[in-house]
Amino acid sequence: MHVPLYQAKADFFRMLGHPVRIRVLELLQHGPVPVRDLLADIDIEPSSLSQQLAVLRRSGIVVSTREGSTVSYALAGGDVAELLRAARRILTELLAGQNQLLSQLRQADTAETETPVAGSLLTERGSPRPTP
């Protein structure tokens, strides 16, 4: 059965859609990391980390090597590191836009508190004050 490209991309991004998997990939950007070091850097139970590493390994994004009793993981290719850098750039742009909007909202809020409120022409119940 043929899977459309857009479906394969959606499956790929769904596979990336877990915070622990993203954190593991970030930690592996600079080279192989032993599982014990991953556990030290990520506050997670060993069995949960093992599950997340298995998902990454099955997808082909990471590879594992064993030296004695030490198992290390590494990125299977540099494209994943580039994808993470692209995600950081995109998030930086999105957050910068949100900060700009937040700044504008704060300025508008400050301007409103400095301007007398039209409500001073109303009674406490919101009806117009009688004219003298």
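Residues numbered from 1 in each chain as written. Predicted model: local features only at pLDDT ≥ 70, side-chain atom pairs only at ≥ 80, totals over all residues. Heavy atoms only, no water.

## A look at helix α5 (residues 79-114)
In step 1: Helix length check: α5, at 36 residues, gives a terminal C-alpha distance of 52 Å against a target of 52 Å (1.5 Å per residue), a fit within 8%.
In step 2: Turning to α5, its buried residues number three or more, namely Val-80, Ala-81 and Leu-84. (Helix = DSSP H or I, 4+ residues; strand = E, 2+ residues; numbered from the N terminus. Expected span 1.5 Å × (residues − 1). Buried < 20%, exposed > 50% of the residue type's maximum accessible area, 1.4 Å probe, protein only.)

## Digging into the confidence of the model for the chain
In step 1: Of all residues in the chain, 86% attain a pLDDT of 70 or more, and the chain-wide mean is 87.
In step 2: By mean pLDDT, α5 is the weakest element of the chain at 88, and strand β1 (residues 33-34) is the strongest at 98. (pLDDT = per-residue confidence, 0-100.)

## Things to note about the pairing of strand β2 (residues 62-67)
In step 1: In this structure, β2 lies alongside strand β3 (residues 70-75), joined through six bridges in antiparallel fashion. Each bridged residue has a counterpart across the sheet, and for Glu-67 the counterpart in β3 is Thr-70.
In step 2: What sits between β2 and β3 in their antiparallel hairpin is a turn of two residues, with Gly-68 showing a positive phi close to 65°. (Pairing = 2+ DSSP bridges.)

## Some remarks on the packing of helix α2 (residues 19-28) against helix α4 (residues 46-59)
In step 1: At their nearest, the axes of α2 and α4 sit 10 Å apart, and the two run at 70° to each other. Looking at the two axes, α2 sits roughly perpendicular to α4. Two secondary-structure elements touch here, α2 through Val-20, Arg-21, Val-24 and Leu-25 and α4 through Leu-49, Gln-52, Leu-53, Val-55 and Leu-56.
In step 2: Among the residues making up the contact of α2 with α4, the classes are represented as seven nonpolar, one polar and one charged. (Axes fitted to C-alpha atoms, helices over the stretch in contact; angles between N-to-C directions. Parallel < 35°, antiparallel > 145°, perpendicular 65-115°, else oblique. Contact = heavy atoms within 4.5 Å. Nonpolar A, V, L, I, M, F, W, Y, C, P; charged D, E, K, R; others polar.)

## Quick word on the nonpolar core
In step 1: Counting residues in hydrophobic clusters, the biggest one holds 21 residues, and the most contacted among them are Val-24, Leu-25, Leu-28 and Val-62.
In step 2: Secondary structure elements with two or more residues in this core: α1 (5-16), α2, α4, β3 and α5.
In step 3: By residue number, the principal contributor to this core is α2, which donates five residues.
In step 4: Apart from the residues lying within four places of it in its own chain, the contact partners of Val-62 are Leu-25, Leu-28, Leu-53, Leu-56, Arg-57, Tyr-73, Ala-74, Leu-75 and Ala-76. (Core = buried A, V, L, I, M, F, W, Y, C linked by side-chain atoms within 4.5 Å.)

## Quick word on the pattern of salt bridges
In step 1: With the rule as written, the count across this model stands at four salt bridges.
In step 2: The closest approach of N and O atoms between Arg-85 and Glu-82, which form a salt bridge, is 3.1 Å. Linking Arg-85 with Glu-82, this pair stays in helix α5, spanning three residues, or about one helical turn.
In step 3: On the accessibility criterion, Glu-82 (35% relative accessible area) is partly exposed.
In step 4: Several salt bridges converge on common partners, so that one network encompasses Glu-82, Arg-85 and Arg-89. (Salt bridge = Lys/Arg side-chain N within 4 Å of Asp/Glu carboxyl O.)

## Observations concerning the sheet that holds β2
In step 1: One open sheet holds the three strands; their spatial order is β1-β3-β2, and the pairing between them is antiparallel. Both outer strands of the open sheet, β1 and β2, are each paired with one neighbouring strand and no more.
In step 2: For β1 and β3, the ladder comprises two bridges, and the chain directions are antiparallel. What sits directly across from Pro-34, in β3, is Ser-72.
In step 3: Each of β1, β2 and β3 is contacted by α2, which is oriented at about 90° to β3, the strand it contacts most.

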